[in-house]
Every structure is written in C-alpha cells, then in structure tokens.
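# Analysis of the macromolecular model
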Amino acid sequence: MAISEGGLLTDEIRQKVWPKLLNVNTNDPPPISGNDLRQMSKDYQQVLLDVRRSLRRFPPGMPEEQREGLQEELIDIILLILERNPQLHYYQGYHDIVVTFLLVVGEKLATSLVEKLSTHHLRDFMDPTMDNTKHILNYLMPIIDQVNPDLHDFMQSAEVGTIFALSWLITWFGHVLSDFRHVVRLYDFFLACHPLMPIYFAAVIVLYREQEVLDCDCDMASVHHLLSQIPQDLPYETLISRAGDLFVQFPPSELAREAAAQQQAEKTAASTFKDFELASAQQRPDMVLRQRFRGLLRPEERTKDVLTKPRTNRFVKLAVMGLTVALGAAALAVVKSALEWAPKFQLQLFP
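Please read these numbers as outputs of a predicted model, since none were measured by experiment.

Secondary structure summary: the protein chain contains 21 helices and zero strands in total. Put simply, the protein chain has 351 residues, and 56% of those count as buried. Of the contacts made within the protein chain by residues no fewer than 6 positions apart, 78% connect residues no fewer than 24 positions apart. Looking at the protein chain as shown, the accessible area adds up to about 15,900 Å², and 52% of this sits on carbon and sulfur atoms.

Our next topic: the confidence of the model for the protein chain. In this model, the protein chain carries a mean pLDDT of 80, and residues with pLDDT of at least 70 account for 73%. Taken element by element, the predicted model of the protein chain shows its lowest mean pLDDT in helix H21 (residues 335-349) (37) and its highest in helix H12 (residues 197-208) (97). Segment residues 261-283: pLDDT under 50, and 54 contacts once partners within four positions in sequence are set aside and those in other chains are kept. In the model, residues 299-327 has pLDDT below 50 throughout and makes 77 contacts with residues more than four positions away in sequence or in other chains.

Below, the discussion takes up the UniProt feature "transmembrane region" (unreviewed entry) in the protein chain. As annotated in UniProt, the feature "transmembrane region" (unreviewed entry) corresponds to residues 189-208 and 318-339 in the numbering used here. Span residues 189-208 is 80% helix and 0% strand, its end C-alpha atoms 19 Å apart.

To continue, consider helix H5 (residues 94-105). Side chains three or four residues apart in an α-helix point the same way, a direct result of the helix having 3.6 residues per turn. Compared with an ideal rise of 1.5 Å per residue, which puts 12 residues at 16 Å, H5 spans 17 Å between its outermost C-alpha atoms and is within 8% of the ideal. Counting buried positions along H5 yields 12 of 12 residues, so the element is predominantly enclosed. Regarding H5, the residues found buried are Tyr94, His95, Asp96, Ile97, Val98, Val99, Thr100, Phe101, Leu102, Leu103, Val104 and Val105. Considering only its buried residues, H5 is in contact with helix H1 (11-21), helix H3 (44-52), helix H4 (64-84), helix H6 (107-118), helix H10 (166-170) and helix H11 (180-192).

Our focus in this paragraph is the side chain of Asp43. Secondary-structure assignment places Asp43 in the loop between helix H2 (37-40) and H3. What makes Asp43 buried here is its relative accessible area of 14%. Not counting chain neighbours up to four residues away, the residues in contact with Asp43 comprise Leu82 and Tyr90.

Viewed as axis vectors pointing N to C, helix H8 (residues 140-147) and helix H9 (residues 149-158) meet at an angle of 140°, and their least axial separation amounts to 6 Å. The pairing of H8 with H9 is recorded here as oblique in orientation. Contacts from Met141, Ile144, Asp145 and Val147 in H8 reach Pro149, Leu151, His152, Met155 and Gln156 in H9. Class assignment of the residues belonging to the contact of H8 with H9 gives a composition of six nonpolar, two polar and one charged.

The next thing to look at is the packing of aromatic side chains. Throughout the structure, instances matching the rule amount to 15 aromatic pairs. Centroid distance Phe173 to Phe201: 5.2 Å. Interplanar angle 90°. Geometry classified as edge-to-face. Linking Phe173 in the loop between H10 and H11 with Phe201 in helix H12, this pair joins segments that are 28 residues apart in sequence. A relative accessible area of 1% places Phe173 in the buried class. Between Phe189 and Phe190, the ring centres sit 5.9 Å apart and the planes meet at 40°, which makes this aromatic pair tilted. In this pair, the class of Phe189 matches that of Phe190, namely buried.

Right, let's get into unusual backbone geometry. We note that Leu9 has phi near 75°; this positive angle belongs to a residue other than glycine. Along the chain, Leu9 turns up in the segment before H1. The exposure class assigned to Leu9 is exposed, which follows from its relative accessible area of 60%.

Next up on the list: H6. For H6, spanning 12 residues, the distance from its first C-alpha to its last is 16 Å, which sits close to the expected 16 Å at 1.5 Å a residue. Along H6, the residues that are buried comprise Leu109, Ala110, Thr111, Ser112, Leu113, Val114, Glu115, Lys116, Leu117 and Ser118.

Once that is clear, we can look at the pattern of salt bridges. A full pass over the atoms with the stated rule returns 12 salt bridges. Between Arg181 and Asp179 there is a salt bridge; the shortest N-O distance is 2.6 Å. For Arg181, a relative accessible area of 60% corresponds to the exposed category. For Asp179, a relative accessible area of 21% gives the class partly exposed. For Glu237, the salt bridge is made with Arg185, and the minimal N-O distance between the two is 2.8 Å. Placement of the pair is Glu237 in helix H15 (residues 236-249) and Arg185 in helix H11, with a sequence separation of 52 residues. You can call Glu237 partly exposed: its relative accessible area is 27%.

Each value, and the rule that gives it
Position labels on residues start from 1 in each chain and follow its written sequence. Given that this is a predicted model, residues contribute local features only at a pLDDT of at least 70 and side-chain atom pairs are listed and counted only at 80 or more, while totals for whole chains, interfaces and linings are drawn from all residues. Computation of side-chain values: all heavy atoms of the structure, hydrogens and water removed. Going along the chain from the N terminus, every DSSP run of H or I of four or more residues is numbered as a helix, and every run of E of two or more is numbered as a strand. Remark: exposure states derive from per-residue accessible area (1.4 Å probe, protein chains only) relative to the maximum for the residue type, with buried under 20%, exposed over 50%, and partly exposed in between. It only takes one pair of heavy atoms within 4.5 Å for two residues to be counted as in contact. Each accessible area value is a Shrake-Rupley result obtained with a 1.4 Å probe; residue values ignore everything except the protein chains displayed when judging cover. Each residue gets a pLDDT score, which is the predictor's confidence in that residue and runs from 0 to 100. UniProt positions are given in the numbering used here, feature names are shortened, and annotations may be inferred rather than shown by experiment. By this rule, a helix spans an expected 1.5 Å times one less than how many residues it contains. Note on definitions: angles span 0 to 180 degrees between N-to-C directions of axes, and those axes are lines fitted to C-alpha atoms, for helices only across the stretch in contact. In what follows, roughly perpendicular refers to angles from 65 to 115 degrees, roughly parallel to angles under 35, roughly antiparallel to angles over 145, and oblique to any angle outside these ranges. Polar here means any residue other than Ala, Val, Leu, Ile, Met, Phe, Trp, Tyr, Cys and Pro, which are nonpolar, and Asp, Glu, Lys and Arg, which are charged; Gly is therefore polar. For Phe, Tyr and Trp, rings pair up if their centres lie within 6.5 Å, where Trp contributes its six-membered ring, and each pair is then called stacked (planes under 30 degrees apart), edge-to-face (over 60) or tilted (otherwise). What makes a salt bridge here is a side-chain nitrogen of Lys or Arg within 4 Å of a carboxyl oxygen of Asp or Glu, nothing more.

As structure tokens, this is what we get:
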C-alpha cells in the first residue's frame, strides 16, 4: 500500500502501518527521561531556535495555543532521543522530520518511531561530520547520468554540484514542500523502501525539470537557483513510480563505483547496527518494485538486462536491494558490506 498509488491515504492508517514499517511494537511503553533535558542538553538552544522557526510546518488555522503546545512536545521528543542515543548528533532540519511524525501519530508514538528512524534511516545524517551525507548526495549525478547524459553533462558544465538537494535529503522533503499531504505521501514511500530512495526521488525531480534546467544559463548560480526552488505542483505519484523504477534499473550497488568519495563500511552506520535480523522480518517492497517494473516491459524486453552496467553477484545485488530496514544509507551502498551480510541471510532472504 505504501508504495502504491495514493500511499496509505489517511493518518489513521499511518498510525497503524508506520510502526510496522519501522518494526516498532506499539504496546511497548514510550521512552522517558527523569532528567531536566532542557537544562542538561548541549543542543537545547539550537533545537529551540529551529522549532520556533517551524511555524509553517503546522496546519494553517491551527489555534496558537495548540501549536505552541505541539512545539513544546517537539522539543521534548528531540532532546529525549538525543539523550538516549549519545552517538547521534543533532542537525538543522531534523526537526522537520520529527514534526511530521508528531502531527501524524502524536507525541508518545512519535518518540518511538523517530528514535528507530534516527538509528536506522537517518543514521548517516546524524554523524559528527557530513562525510556520509555528502557520500549519499554523490549518488544523485550518477543516477541522472544513467537516464539523461545530456542533462548530466550540462549540470557538470555549470558546476552546480549537489548542495541544492541537501535540504531535500536530510528532511525527506519536509522542509521544502508546503502541502502536508505531499509530505506524508512521500514518507509512506520512503519508510517502505530502501534508505537511499530519497536520493532517487531527488533525481527524478531534476529529470522531470530537464527542459527548465537546459533553458538556464549554464552557470552555477542560475542552475542552483532554479533547482533549489521545488515547484509545489509536481506530479507526485508519477515521480514516485519513476523513482521506484530507477531504483530497480540502477540499484545502489551498480552506482557505488561511480559515486564520488567512496566510504569504508566500518566508517558508516553499519558498524553501529547490530540487529541485522530485523531485515528478514520486514515485508520487502523492493521486490514489489522489481515485479512492477518488469510488468511494464514488453514480453521481448523481459529477457533483456535492464541494467547498462555488468551485473554484480546475485546475492550482493538482492541483499542490498532487499534490506529495507536501514543499516545507514551510506553503509548499504557499500558492496563490500553486502558481501559480508549475504552468507548470513542467504536462507532467510532467498527461501
């Protein structure tokens, strides 16, 4: 449902499904703290500033008293997660993700869900440096190059880089989309898929705006200004479907060699993620995406390799694509790590 047209449709359904996608038991008591986190946290002042600036993330027309109460809850959720996970480092934009969960599922459940998300899907963004975040951004141009080399070359000539997509990636587009319905629709999709799916969605936005980009002056300032402003009337369902198709055609393992700044597995979130067995307990929407994509091919095309690069080892490819619980997005992109996981999960992933 989460990757199909329309997504989960209502917040009532999301309150039941999002915990399952993150493997969170809703019967477990929510985490609490006996400390005065606002006095103790080194991040409190920055969190406070960010939350105060988040007025537009709340529904228009919401009573001021209700909004202020939610902002206080937002601060408490963030500080509690940071206290419980000292390995995580706050970044500006994190509150944009937390407020989405708060508005959909409420404070108690949001705390549990965002904590799991922070130690899995968002783990690489919460490192002390931006090295892994930059590494993930480096997948953007290889995806574009596979689909539209002319657009890729134009952007390379303009030296625009990928920084225009930074806020898209680290907030799961929550910071840049004004319509909350579009934000939660994307969260449905991202929660059900590989942790690198947001960078594929970023790529399809750029590809969709091909003509606008090519009509720009070929310089960094012009192209960056255009791309940093996301149109609010995008055909979201079409783009979501396209992102899923591109993930199947050009999975991270196929693009890893082309992505700049290769990272070693021990430097990414894989080194901190111990419960690998969670992966085999999840539904595998990536398999659904593969089946849907193959269903779009004409019969004579189904026997052809949809990839333009040589295939990797079968177990490497399927392990990387099938692990929908995030081991850290950059970590999953490293084929070496997949080689190490494949033997352990061979029987579970490929019964």
